[in-house]
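# Overview (structure and organization)
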There are 2 protein chains.
Amino acid sequence: MKTKTNAKSAVSLPLNTILDGDCIERMNALPAESIDLIFADPPYNLQLKGDLHRPDNSKVDAVDDHWDQFDSFKVYDKFTREWLAAARRLLKPNGAIWVIGSYHNVFRMGAELQNQGFWILNDVVWRKSNPMPNFRGKRFTNAHETMIWAGKTETSKYTFNYEALKALNEGIQMRSDWVIPICNGGERLKDDNGDKAHPTQKPEALLHRVMVGSTNVGDVVLDPFFGTGTTGAVAKMLGREFIGIEREEAYRKVAEKRIANVRKFDKEALEVSVSKRSEPRVPFGQLVERGMLRPGEELYSLNGRHKAKVRADGTLIGDDIKGSIHQVGAHLEGAPSCNGWTYWSIKRDGKQVPIELFRQQIRAEMRN
Amino acid sequence: MKTKTNAKSAVSLPLNTILDGDCIERMNALPAESIDLIFADPPYNLQLKGDLHRPDNSKVDAVDDHWDQFDSFKVYDKFTREWLAAARRLLKPNGAIWVIGSYHNVFRMGAELQNQGFWILNDVVWRKSNPMPNFRGKRFTNAHETMIWAGKTETSKYTFNYEALKALNEGIQMRSDWVIPICNGGERLKDDNGDKAHPTQKPEALLHRVMVGSTNVGDVVLDPFFGTGTTGAVAKMLGREFIGIEREEAYRKVAEKRIANVRKFDKEALEVSVSKRSEPRVPFGQLVERGMLRPGEELYSLNGRHKAKVRADGTLIGDDIKGSIHQVGAHLEGAPSCNGWTYWSIKRDGKQVPIELFRQQIRAEMRN
DNA sequence: TACGTGCGTGAATCAGACA
DNA sequence: CTGTCTGATTCACGCACGT
């Protein structure tokens, strides 16, 4: 078993294992601020007539419908409050959580997330391409489920691999509605009788997008309602570490076997497109220091309307303004801000050369 | 003014009028159990901090109206509790309600609906075909809003025109996700300055589907946050009766004028919102997410001369180039462009399988 | 008249490093 | 912690205008 030691508590994490027992107790026994991402698909089996089974297994008294309904919400809210609080304690300050649910429980989860100080980043709709039809014709086909993505706090610097998701979507930024088929066919796990091993197995495609988008390689992902281990399987494929918690032995067994058969993708395949933001910063002054630009040379604006002179300290001087490439550009355009790197060019051999090219040259040298 | 007398209270309803003032007080002054359907688009309680600019430096005209400002969740919850209770009193025993919101407020509304004994029938996702992008690349494009449809009680015999909706959807059962454009163009109401008359005007297509689906001709529809009167306009077109409540005089004036110009049974309005038939775009990344291709697998070019490896984000990596299936294909062929779908194949059981086949498979699923 | 181009804009909880 | 400064970031439409 691979473990990670948490700096704060010096307690090791049971990485890539499935813990048994009650998820709240199990979470409370793990070190605080040790988890990068939590993915949670909690049970929402209330309001189902006939077999009313509460999350805490308490007995439901035979009483009138209204009281019963109110009581079951109360019990469900308590359960939600407790597992979310336990989850929140585990998250690193910059950690985030995904929860998934349907209209039976997702409003209660969303409200409680907000109450506890999580900061909702998006609600994401999983739009099922092959939902179960509504057989009675009394309602709309229930063709989606809702996920909520939230940072631990309002100021958490959550992970969002914008460029990778954009690449997944053929160059267009990823939207909050995802079209993904429900889990069936070969991916759907069966028990020894050939019946489905779990009633609500989530598709790996869903978890793939969640993890590519909101974790990095090596991150620790916790799933407190592990079921048959979709979270663990995808985490392993993608080079993330997982911790699962699952109460039912039958599910744990299926999940263990499933994950053992998963192969991790090649290192090269796991590299994803990265944002320009993660490139090292290059001060404009370096272009002057390195002699790429000479003090006194003139820069021309993108639209050709403005020019400014380079000074020895890497600032510019225009007709009525001195300052950085960004400040001068913003002032000349009357804009709130300006990216000087893409705004200014210089004339070389009669041609306009964007200064951005010089920056890229310096960055290429830095990588060597 | 057309009025209807309520059997129970013998008080007449102010049909097809817009009431001013506070919606809670106004609702409390109307007779109990007199309304068939309520459609409510309350303030979302957006919590916007600073200004937001587009990449071209233009400023986003944010919803910063006073009516959307609340001091805390506690204050917002009290507001929600009170207007929902007032609304519930007005509904006939078999009445129903629709509410619409975003992740800022919809979880709190949904939980309160359940707490008050409303019975949720569906949550319906309005998938915007043309949402505002996420300009900073920090989150998913917020491309949908959520509506909740609920009966007054668990046993309410709510109206659901199954066949009409099926007909609207080309003979296929209507799903819980509706693709409808945001309201702009000629439908978007302007004030005397040519600015939008209301920051959050809803499209008539949305209300059209709501009313066709969950009311009958002659039903009374109440909208306590009437705004510029989309609910009233569509109700009139479809031969339903409406009651609007709106606090802002400017909105009431626009709504009055708008509704006066509406003709009943406008044929054009009945035809909106039927889905367009064009082949949907399939991002190559979906083949990876869905496990049809495995990150690290190799693709082979049409002519067999080149190969490239698939990465987890749906981009390819070749000998000296990374990018989309199209970009890498074009680079390897020295061509200005390349259709990666027809260019690349994969080896399966010793045979070359064009990736185009996988795309066709996904499209077939999407047509369901 | 038909078509192509450019511009405006939409319910948005939209930055991060460094001093 | 606060203030300052760098510099990254957009998709689908409708409409006006020009050829």
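These numbers were taken from a predicted model, which means no experiment stands behind them. (Residues numbered from 1 in each chain as written. Chains lettered and ligands numbered in written order. Predicted model: local features only at pLDDT ≥ 70, side-chain atom pairs only at ≥ 80, totals over all residues. Heavy atoms only, no water.)

## Let's talk about the interface of chain B and chain A
Taken together, the contact pairs 78 residues of chain B with 78 residues of chain A. Summed over both sides, the interface of chain B with chain A buries roughly 7,100 Å², with 50% coming from carbon and sulfur. Contact with chain A buries area across many residues of chain B, yet Phe107(B), Phe140(B) and Glu289(B) alone supply 13% of it, more than any other trio. At the boundary of chain B with chain A, the tally comes to seven salt bridges. Measuring nitrogen to oxygen at the nearest pair gives 3.6 Å for the salt bridge that ties Lys309(B) to Asp266(A). Put simply, chain B and chain A have 46 residue pairs in polar contact (both at pLDDT 80 or more) between them. Those elements giving two or more residues to the side of chain B that touches chain A turn out to be helix H3 (106-115), strand S6 (119-128), strand S7 (144-151), helix H4 (162-168), strand S8 (177-180), helix H9 (285-289), strand S12 (307-310) and helix H10 (325-333) of chain B. (Contact = heavy atoms within 4.5 Å. Buried area = accessible area lost by both parts, 1.4 Å probe. Salt bridge = Lys/Arg side-chain N within 4 Å of Asp/Glu carboxyl O. Polar contact = N/O pair within 3.5 Å; in protein donor to acceptor, adjacent residues only side chain to side chain. Helix = DSSP H or I, 4+ residues; strand = E, 2+ residues; numbered from the N terminus.)

## Some details on the pairing of S6(B)
Residues and elements named next belong to chain B. Of all 10 residues making up S6, 10 are buried, and the element is well covered by its neighbours. In this sheet, S7 lies alongside S6 in antiparallel orientation, the contact comprising eight bridges. Each bridged residue has a counterpart across the sheet, and for isoleucine 120 the counterpart in S7 is alanine 150. Of the pairings in the sheet, the one linking S6 to S8 comprises four bridges and is parallel in character. The residue bridging lysine 128 from the neighbouring strand is isoleucine 180, located in S8. (Buried < 20%, exposed > 50% of the residue type's maximum accessible area, 1.4 Å probe, protein only. Pairing = 2+ DSSP bridges.)

## Description of the pattern of salt bridges
Residues and elements named next belong to chain B. Under the criterion given, the structure shown has 39 salt bridges over all chains. Across the pair lysine 92 and aspartate 36 runs a salt bridge whose closest N-O atoms are separated by 2.9 Å. Taken together, the residues lysine 92 in strand S5 (residues 91-101) and aspartate 36 in strand S4 (residues 35-40) connect sequence positions 56 residues apart. Judged by relative accessible area, which is 28%, lysine 92 ranks as partly exposed. The salt bridge partner of aspartate 61 is lysine 196, with a shortest N-O separation of 3.2 Å.

## Some points on the domain arrangement of chain A
According to the domain assignment, chain A consists of domain 1 (17-47 + 61-269) and domain 2 (284-366). In this structure, domain 1 of chain A and domain 2 of chain A have C-alpha centres spaced 48 Å apart. (Domains from an automatic or database assignment.)

## Quick word on the protein's contact with DNA strand C
Residue and element names in this part refer to chain B. Neighbouring DNA strand C are 40 residues; Gln47, Arg54, Tyr103, Met132 and Arg136 lie closest to it. Protein-adjacent atoms of DNA strand C, using a 4 Å cutoff, are sugar or phosphate at a proportion of 47%. One of the backbone nitrogen or oxygen atoms of glycine 50 is found 3.4 Å away from a base nitrogen of DNA strand C. A distance of 3.2 Å is found between a base oxygen of DNA strand C and a side-chain nitrogen or oxygen belonging to asparagine 134. For the surface near DNA strand C, a count of residues per class yields 19 nonpolar, eight polar and 13 charged. (Near = heavy atom within 4 Å. Nonpolar A, V, L, I, M, F, W, Y, C, P; charged D, E, K, R; others polar.)

## A look at the sheet that holds strand S9 (residues 220-223) of chain B
All names here are of chain B. Across the sheet, eight strands lie side by side as S3-S10-S9-S4-S5-S7-S6-S8; this open sheet has mixed pairing. Every interior strand has two partners, whereas the edge strands, strand S3 (17-19) and S8, have only one. Across the sheet, the mean angle from the axis of one strand to that of its neighbour is 20°, orientation sign disregarded. The pairing of S5 with S7 spans six bridges and is antiparallel. Each bridged residue has a counterpart across the sheet, and for alanine 96 the counterpart in S7 is glycine 151. Contacts from helix H2 (residues 73-90) reach S4, S5 and S9, with the element oriented near 145° to S5. (Axes fitted to C-alpha atoms, helices over the stretch in contact; angles between N-to-C directions.)

## Here we look at the packing of aromatic side chains
Under the counting rule described, the total for this entry stands at 33 aromatic pairs over all chains. Ring geometry for Phe284(A) versus Trp341(A): centroids 5.9 Å apart, planes at 65°, classification edge-to-face. Of this pair, Phe284(A) sits in the loop between helix H8 (267-270) and helix H9 (285-289) while Trp341(A) sits in helix H11 (residues 340-343), and the two are 57 residues apart along the sequence. Among the residues examined, Trp341(A) registers a relative accessible area of 5% and is labelled buried. With 5.6 Å between their ring centres and 15° between their planes, Trp98(B) and Trp149(B) make a pair best called stacked. A residue pair is termed long-range when its members are at least 10 positions apart, and Trp98(B) in strand S5 and Trp149(B) in strand S7 qualify at 51 residues. In terms of burial, Trp98(B) and Trp149(B) fall into one category: buried. Members of the aromatic cluster, joined through ring pairs, are Trp98(A), Trp149(A), Tyr158(A), Phe160(A), Tyr162(A), Trp178(A) and Phe140(B). (Phe/Tyr/Trp six-rings, centres within 6.5 Å; stacked < 30°, edge-to-face > 60°.)

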